[in-house]
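# Observations on chain architecture
Residues per chain are reported as follows:
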Amino acid sequence: MEFAARDALVDPLDSVDDLERQMRAISAEMLERIARADDEWLDDPGVPELACEMAARQGITSSLAAERLRVARALKDLPHIRRAHAEGSLSWDQLRWVTRFATSETDREWAERAPGMRPDALRLESRR
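Small disclaimer: the values here were computed from a predicted structure and weren't measured.

## Re the overall build of the protein
Broken down by element type, the protein carries 7 helices and 0 strands. Order of helices (α) and strands (β) in the protein, N terminus to C terminus: α-α-α-α-α-α-α. When the 128 residues of the protein are sorted by exposure, 33% land in the buried category. Here the analysis covers contacts within the protein between residues at least 6 apart in sequence; of these, 57% occur between residues at least 24 apart.

Pasting the structure below:
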């Protein structure tokens, strides 16, 4: 009887896990597009900053827009971490912390290590 109850919980969570992987792939695509927009954004006194424009258009906080922009910029030099996020291994919460301290030299190492770490552990690592 215990297994029947557990099996009833596994199937709905599997579908949630599938959606989470899809959201990560979409997130990776969004971050790539943010990076491209950043490369093309006009640095003109009459044009609002990219993060401000994103916040206004997307109805998100300016801090979330700024964080997405920071992560998108960091991922330009972190192809392994970028791929891990796109493939669903790294959540947004893991990604935002690992991009604070990973470098092009440690990119591959952190792309392998970070998926197995809790976001709080990565936050602590970022403070070192």
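Additional details are given in the paragraphs that follow.
## Quick notes on the packing of aromatic side chains
What the rule picks out here adds up to 1 aromatic pair. Ring centres of Phe101 and Trp110 lie 4.8 Å apart, and the angle between their planes is 80°; this geometry places the pair in the edge-to-face category.

## Observations concerning the side chain of Asp38
Looking at the element boundaries, Asp38 is found in helix α1 (residues 2-40). According to the relative accessible area criterion, Asp38 is buried, its value standing at 17%. With residues up to four places along the chain from it excluded, the contact list for Asp38 reads Leu50, Leu69, Arg73 and Lys76.

## A few points about the packing of helix α2 (residues 50-58) against helix α3 (residues 62-75)
Closest axis-to-axis distance for the α2/α3 pair is 8 Å, and the angle between their directions is 125°. One way to sum up the angle between α2 and α3 is to call them oblique. Two packed elements cross with a definite hand, and for α2 against α3 that hand is right-handed. Note on element contacts: α3 touches α2 through Ser62, Ala65, Ala66, Arg68 and Leu69, opposite Leu50, Ala51, Met54, Ala55 and Gln58. The residue makeup of the contact of α2 with α3, split by class, is 7 nonpolar, 2 polar and 1 charged.

## Digging into the environment of Ala66
Residue position: Ala66 is located in helix α3. A C-alpha to C-alpha distance of 8.5 Å links Ala66 and Leu50, two positions 16 residues apart in sequence.

## Things to note about the pattern of salt bridges
Evaluation of the coordinates by the stated rule reveals 14 salt bridges. As a salt-bridge pair, Glu32 and Arg36 come within 3.2 Å of each other at their nearest N and O atoms. Taken as a pair, Glu32 and Arg36 lie in helix α1 at a separation of 4 residues, close to a single helical turn. Note that Glu109 and Arg113 form a salt bridge whose closest N and O atoms lie 3.1 Å from each other. With Glu109 and Arg113 both in helix α6 (residues 107-113), this residue pair falls 4 residues apart, about one helical turn. Judged by its relative accessible area of 37%, Glu109 is partly exposed.

Definitions and cut-offs
Residues numbered from 1 in each chain as written. Predicted model: local features only at pLDDT ≥ 70, side-chain atom pairs only at ≥ 80, totals over all residues. Heavy atoms only, no water. Helix = DSSP H or I, 4+ residues; strand = E, 2+ residues; numbered from the N terminus. Buried < 20%, exposed > 50% of the residue type's maximum accessible area, 1.4 Å probe, protein only. Contact = heavy atoms within 4.5 Å. Phe/Tyr/Trp six-rings, centres within 6.5 Å; stacked < 30°, edge-to-face > 60°. Axes fitted to C-alpha atoms, helices over the stretch in contact; angles between N-to-C directions. Parallel < 35°, antiparallel > 145°, perpendicular 65-115°, else oblique. Left-handed = near helix turned anticlockwise from the far one by under 90°. Nonpolar A, V, L, I, M, F, W, Y, C, P; charged D, E, K, R; others polar. Salt bridge = Lys/Arg side-chain N within 4 Å of Asp/Glu carboxyl O.

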